[in-house]
Each structure stands twice: as C-alpha cells, then as structure tokens.
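Structural overview for review
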Amino acid sequence: MKRMHASGFTLLELLISVALGGLIAAAAVQLFTTNATGFTLMRGLSDVQDNGSFALDFINRDVRQAGLRPAGLGTGFVPVVMEVAQMPGAAANLLTGDGVSALGIGNSDRLVVQRLAPVATVDCEGNAVAAGSYVVSRYFLRADDASGSASALACDGGSHNGVVANALGDNGVVLLTSVENLQIQLGVGDAGVPVRYLTAAQYNALAAPRPRIITVRVGVMVGALESAGANLAEQRDMRVLDEDIVGAAIPRDGRIRRVFVTSIALRNEF
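In this numbering scheme, every chain counts its residues from 1 along its sequence in written order. Local features in a predicted model are, by the rule used here, given only for residues with pLDDT of at least 70; side-chain atom pairs are given and counted only at 80 or more, and totals for whole chains, interfaces and linings are based on all residues. To obtain the side-chain values, all non-hydrogen atoms of the structure were included, while hydrogens and water were left out.

Considerations on the environment of Ala-152
Strands here are runs of E lasting at least two residues and helices are runs of H or I lasting at least four, both read from the DSSP assignment and numbered beginning at the N terminus. Examined against the element boundaries, Ala-152 turns out to sit in strand β6 (residues 149–160). Partly exposed residues are those whose accessible area sits between 20% and 50% of the maximum for their type, while under 20% is buried and over 50% is exposed, using a 1.4 Å probe and protein chains only. Accessibility expressed as a relative area gives 0% for Ala-152, which makes it buried. In this analysis, two residues are considered to be in contact whenever any of their non-hydrogen atoms come within 4.5 Å of each other. The contact partners of Ala-152, leaving out residues within four places of it in the chain, are Phe-140, Leu-141, Arg-142, Asp-144, Val-174, Leu-176, Thr-177 and Val-179.

Listed below in structure tokens is the structure:
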C-alpha cells in the first residue's frame, strides 16, 4: 500500500510568516498615518490661504472705493474716519483706532471708511443705502457665538446723508471666523506716494494740519478652522505689521496660522 504524506507549514515557517505579515501591516498603517497627516496639513494650509485671501480681498474692494465723491455730489467727507467731526453720527467706537480690542491674540485695531454712493446700493451688512448717501464700513474683531469663535472679523455697515447716520454702531456681520489679529497702518505722503506708515495714534498725534492719508495697510493673522494635529511644530513668533506676537502667546491647539498683509491706495482721496 502506498503511504500518503500530509504537507503543511512548520512552526518556524508559520512564525516567520506571522512576523512578515506584522511588518507589512505596520508599514501599511505607518504609510496611511503619514498620508493622513500630510493631507490634514495640506488642507489646513489651503484653508488658511483661502481665508486670508478672502479677508484681505473683501477689505481691499471696500477701501479702494473709500473717498469716492463724483463731481458735483456730496460735501467731501474724508475716506478714513479718524475724528468725530469727520462723519455724522460718529462716536469713539466709530473711529479708526489701534489697540482697541484684546480679543484673539494680541491687541487688534479698527478701521472705519466711507464713500459716497452715486446710485442706490447696500452696505456690508446688506442694509439699503439711498443714492447720494455715504456708505460706511467699520472693520473690527468680535466674538462669534454661532461658530464658537472667540475672535472673528466683522463689518458694521451703515450710512449717512451728511447730517443723519443710519444703522451704525451695532455688532455688524461676521465675515470670517478665524481672524485672530487685525492691524492697520496709515500711509501719508505727497503726489500719491506714501513716505511713511503710522498707527492711528501716531497719526492723531501729528500737529494740525495733518497730512492726507493716501494708503491703508492692512495685516491679519488667520488661523485654520480645524486642528492639523498635536504633532504640529511649536508656533514661532509672528509679526502683524507693528504688532509682535510671541510664539508662547499662541495656543498649542494644532491650528496652522499665517500672516497676510496688503497695501491699498486711496485713489479717490481728494
């Protein structure tokens, strides 16, 4: 009778197979984790870039029109509101100022601009503005309870007809929930060329008659909406225009942060 032999793995071969399988599985998990981390970082960077560009683009479009006064219309209110006398209905909280808010990280500024509307339009909150009135925009930081953000970029819109102001001084509408610092500098000079940049306090400290403001420089520190992970490198020191923010003051929450700066010429300044 022919004897049948059973074939199979020896214990050593089985142990080797299990060990190789474990190594392959560990490598696959590591590859997946690395790819997931890289994807999260890339998404965070893209998120910050998009948010920073949106914030500056929105302010840029508005400020670029500041001081608009078609020939024969309006009484000529200045584009950047620095004093109560420069805008009907103005008060201390409706003036451009530096270090007026401690929300977010560091002390943030406020920017108030106005322009004449030759035709009926709306302000940044969607309020109707009649033709021949001045559109007013106040940019500042405030908390946003809806998103749970302690520091968001907001715009308080309103208008005035040269005598009476409407819808100014409220909480405005949130434009972006992830802005943690806002800085403003005012460029002064001649022939449309700024020769130096000043904070609002430095500008107000100049002897009268003060030079024309011909450029507004805006800086924002923007954070990603979501954490990129606990392994994100320690935050480095940042500078938003004249405001220094040390890395130790930035929360270790894994959110990517970047600084964006733009300079806007007031081409309608008169």
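A few points about the side chain of Arg-257
Along the chain, Arg-257 falls in strand β14 (residues 257–265). Pairing of N or O atoms within 3.5 Å defines a polar contact, subject to two protein rules: one partner must be a possible hydrogen donor and the other a possible acceptor, and residues neighboring in sequence count only if both atoms are side-chain atoms. Side chain to side chain, Arg-257 and Glu-180 meet in a polar contact 2.5 Å long. A distance of 2.9 Å separates polar atoms of two side chains, one belonging to Arg-257 and the other to Asp-253. In contact with Arg-257, not counting residues within four places along its chain, are Ile-105, Glu-180, Val-222, Gly-223, Gln-235, Met-238, Ile-250 and Pro-251.

Notes on the pairing of strand β1 (residues 97–101)
Strand pairing is defined by DSSP finding a minimum of two bridges between the two strands. Pairing analysis gives two bridges linking β1 to strand β2 (residues 108–116), with the strands arranged antiparallel. Directly across from Ser-101, in β2, lies its bridge partner Ser-108. The hairpin turn running from β1 into β2, its antiparallel successor, is six residues long, and Gly-104 in that turn takes a positive phi close to 75°.

Topic: the sheet that holds strand β11 (residues 213–223)
Ordered by their spatial adjacency, four strands build an open sheet running β10-β9-β11-β14, and the pairing between neighbours is antiparallel. Edge strands, defined here as strands with exactly one partner in the open sheet, are β10 (193–198) and β14. Across this sheet, the average inter-strand angle for adjacent strands is 25°, counted without regard to direction. Pairing of strand β9 (residues 179–190) with β11, which is carried by nine bridges, proceeds in the antiparallel orientation. The partner of Leu-182 across the bridge, within β11, is Val-220. In this analysis, axes come from line fits to C-alpha atoms, helices being fitted only over the stretch in contact, and the angle between any two N-to-C directions falls in the range 0 to 180 degrees.

Topic: unusual backbone geometry
Backbone torsion omega between Ala-208 and Pro-209 reads 0°, so that peptide bond is classified as cis. Position of Pro-209 relative to the elements: it lies in the loop between α2 (200–204) and β11. Within the chain, Leu-241 stands out as a residue other than glycine whose phi angle is a positive 55°. Turning to its location among the elements, Leu-241 is positioned in the loop between β12 (238–240) and β13 (243–245). By relative accessible area, Leu-241 is classed as buried at 13%.

Details of the packing of aromatic side chains
For Phe, Tyr and Trp, rings pair up if their centres lie within 6.5 Å, where Trp contributes its six-membered ring, and each pair is then called stacked (planes under 30 degrees apart), edge-to-face (over 60) or tilted (otherwise). In the structure shown here, the tally under the stated rule is two aromatic pairs. Between the aromatic rings of Phe-58 and Tyr-139, the centroid separation amounts to 6.4 Å while the plane-to-plane angle is 75°, which identifies the pairing as edge-to-face. On the criterion of sequence distance, the pair formed by Phe-58 in helix α1 (residues 11–64) and Tyr-139 in strand β5 (residues 134–144) is long-range, its members being 81 residues apart. Given a relative accessible area of 22%, Phe-58 falls into the partly exposed group. The exposure class assigned to Tyr-139 is buried, which follows from its relative accessible area of 1%. Ring centres 5.2 Å apart and planes at 85° place the aromatic pair Phe-77 and Tyr-134 in the edge-to-face group. Placement of Phe-77 in the loop between α1 and β1 and of Tyr-134 in strand β5 is noted, with a sequence separation of 57 residues between them. Summarising the burial analysis for this pair, Phe-77 and Tyr-134 share the class buried.

Considering the pairing of β6
Of all 12 residues that make up β6, 11 are buried, and the element is covered over most of its length. For β5 and β6, the ladder comprises 10 bridges, and the chain directions are antiparallel. Bridging across to β6, Ser-137 finds its partner in Gly-157. Taken together, β5 and the strand that follows it, β6, pair antiparallel across an intervening segment of four residues, in which Gly-148 is found at a positive phi of about 80°.

Points about the state of the cysteines
Cysteine sulfur atoms are paired as a disulfide whenever they fall within 2.5 Å. If you walk through the whole model with that rule in mind, you get one disulfide. There is a disulfide in this structure between Cys-124 and Cys-155, and the S-S distance comes to 2.1 Å. Measuring the twist about the S-S bond at about -90°, one finds the Cys-124-Cys-155 disulfide to be left-handed. A residue pair is termed long-range when its members are at least 10 positions apart, and Cys-124 in the loop between β3 (121–122) and β4 (128–129) and Cys-155 in strand β6 qualify at 31 residues.

Observations regarding the nonpolar core
In these notes, a set of buried Ala, Val, Leu, Ile, Met, Phe, Trp, Tyr and Cys residues joined through side-chain atoms within 4.5 Å is what counts as a nonpolar core. Residues Val-80, Leu-111, Leu-153, Val-216 and Val-218 are the most contacted members of the largest nonpolar core, which totals 33 residues. Non-local contacts of Leu-153, meaning those with residues more than four positions away in its chain, are made with Ala-55, Ile-59, Phe-140, Leu-141, Val-173, Val-174, Leu-175, Leu-176, Val-179 and Leu-182. Ranked by size, the runner-up nonpolar core spans seven residues in total, among them Val-81, Met-87, Val-112 and Val-136.

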